[in-house]
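Descriptive structure summary
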Amino acid sequence: MEISVEQHQLVANFFSLTIAAMAAATAFLWINRSQVSDRYKTAVTVSGIVTFIALYHYWRIYGSWNEAYQVVDGTLVATDKPFNDAYRYVDWLLTVPLLLVELILVMKLTASDTFKKSVRLGALAALMIVLGYPGEISDVAGTRWLWWSLSMIPFLWIVYELFIGLRSAQDAQPESAKGLIGAARYLVIGSWAFYPIVFLFPMLGLSGAAAETFVQIGYSVADIVAKAVFGILIFAIAMRKTEAEKGTVTL
Ligand code: RET
């Protein structure tokens, strides 16, 4: 795989942008946490923890990307330290179950249903990520397709449960928060669907270097939307509900 200096820098710039976005979202969520009423504080705290975990991992990813290549006589050559894709998968292993908990909290089910759903969807999410990893680190199209298909089974299950669960939760919300919950629902489905598509880039006829560039940029953009933008949306929902409960809705 002959990645060019420009492709390498483009990816590094996206990693840097992602670090800035995660840092800004973490600061925003934690500083503004005190503005929402007590019952929504956990959801806002968890949103900030998700972006904080991602901030750490993108720092590592950025470092690993820069260490994996060096410029020799104007061309980029791989060093003896290969780029470590595992940071991304460990990040997902931690943050995807947390994001699911955030969503389940928003659904406001009974305590026992909340627990059961969190455990079930959390386990399915872990399975989805573990099944995706052997495909991610392989260059063989057949191997990638095999693990992609296996990982799609828990993926479709989770997405279906969220789509249905969030629709019934939306019906039970105060009028002022309904629109935002609906937006959160589509943001989740849309951003999650992006990951298995990005994974397919190398199998759709792109050259090795172009595919790697697209995959890294694709996952970075998806992570900004699924974690930082989504976290801010959760905060906005919590604010609306706090205001609705105080009876001072002005929006
Ligand atoms: C993989 C492997 C190929 C098949 C599928 C995948 C799904 C990944 C998803 C990741 C979601 C990550 C989120 C992170 C934000 O915090 C692992 C790429 C289905 C859905 C939401």
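Here we summarise the structure given alongside this text.

Conventions we followed
- Residues numbered from 1 in each chain as written.
- Predicted model: local features only at pLDDT ≥ 70, side-chain atom pairs only at ≥ 80, totals over all residues.
- Heavy atoms only, no water.
- Pairing = 2+ DSSP bridges.
- Helix = DSSP H or I, 4+ residues; strand = E, 2+ residues; numbered from the N terminus.
- Phe/Tyr/Trp six-rings, centres within 6.5 Å; stacked < 30°, edge-to-face > 60°.
- Buried < 20%, exposed > 50% of the residue type's maximum accessible area, 1.4 Å probe, protein only.
- Lys NZ or Arg CZ within 6 Å of the ring centre and 35° of its normal.
- Near = heavy atom within 4 Å.
- Polar contact = N/O pair within 3.5 Å; in protein donor to acceptor, adjacent residues only side chain to side chain.
- Areas by Shrake-Rupley, 256 points an atom, 1.4 Å probe, with all protein chains shown as cover.
- 1 Å grid on protein atoms, 1.4 Å probe; cavity = no way out; pocket = protein on both sides within 12 Å on 5 of 7 lines; lining within 4 Å.
- Sits in = over half its atoms within 2 Å of the grid points.
- Contact = heavy atoms within 4.5 Å.
- Core = buried A, V, L, I, M, F, W, Y, C linked by side-chain atoms within 4.5 Å.
- Points joined across faces, edges and corners; volume = space filled by probe spheres on them.
- Nonpolar A, V, L, I, M, F, W, Y, C, P; charged D, E, K, R; others polar.

Notes on the pairing of strand S2 (residues 75-78)
Across four bridges, the pairing between strand S1 (residues 69-72) and S2 is antiparallel. When the bridges of S2 are listed, Val72 appears paired with Thr75. Once S1 ends, the chain turns through two residues before running back antiparallel as S2, passing Asp73 with a positive phi of about 50°.

Thoughts on the packing of aromatic side chains
Under the counting rule described, the total for this entry stands at 15 aromatic pairs. Residues Tyr195 and Tyr219 carry aromatic rings whose centres are separated by 6.1 Å and whose planes lie at 25° to one another, so their mutual orientation is stacked. In this pair, Tyr195 is assigned in helix H6 (residues 175-200) and Tyr219 in helix H7 (residues 208-246), connecting sequence segments 24 residues apart. In this pair, the class of Tyr195 matches that of Tyr219, namely buried. Three or more aromatic residues joined by ring pairs make a cluster, and in this case those are Phe15, Tyr58, Trp65, Tyr69 and Phe83. Geometry around Phe163 places Arg185 over its ring, the cationic atom sitting 4.0 Å from the centre. Lying over the aromatic face of Tyr186, Arg185 brings its terminal NZ or CZ to 5.6 Å of the ring centre.

Quick look at the site of the ligand
As a structural note, the neighbourhood of the ligand is formed by 19 residues, with Leu99, Ser151, Trp192, Tyr195 and Lys227 the closest of them. In this structure, an oxygen atom belonging to the ligand sits 3.4 Å away from a side-chain N or O atom of Thr95. A distance of 3.1 Å separates an oxygen atom of the ligand from a polar side-chain atom of Lys227. When the ligand sits alone it has 530 Å² of accessible area, and the protein chains cover 100% of it. Of the pockets mapped on this structure, the ligand occupies the largest cavity.

What to know about the side chain of Lys41
Mapped onto the elements of the fold, Lys41 is located in helix H2 (residues 38-68). Once residues within four sequence positions are removed from consideration, Lys41 is found in contact with Arg33, Ser34 and Val36.

Thoughts on the side chain of Ser151
One can find Ser151 in helix H5 (residues 141-171). Owing to a relative accessible area of 11%, Ser151 belongs among the buried residues under this scheme. Here the side chain of Ser151 touches Met128 through a polar contact of 2.7 Å, landing on its backbone oxygen.

Focus on the nonpolar core
Formed by 42 residues in total, the largest nonpolar core has its most connected members in Val96, Leu100, Ile158, Trp192, Tyr219 and Phe230. Elements represented by at least two residues in this core include exactly H2, helix H3 (86-107), helix H4 (111-136), H5, H6 and H7. Here this core takes 11 residues from H6, the largest share from any one element. Leaving out residues up to four positions away in the same chain, Phe230 has contacts with Leu99, Glu102, Leu103, Ala184, Leu187, Val188 and Val225. Formed by 20 residues, the second largest nonpolar core is a distinct cluster that contains Val11, Ala12, Ile61 and Ala228.

Some remarks on the layout of surface pockets
Taken as a whole, the second largest pocket encloses approximately 170 Å³ of empty space. What lines the second largest pocket is simply Arg39, Tyr40, Thr42, Ala43, Val44, Leu105, Val106, Lys108, Ile234, Ile237, Ala238 and Lys241. Within the residue set of the lining of the second largest pocket, elements represented by two or more residues are H2, H3 and H7. It is H2 that contributes the most residues to the lining of the second largest pocket, five residues altogether. The residue makeup of the lining of the second largest pocket, split by class, is eight nonpolar, one polar and three charged.

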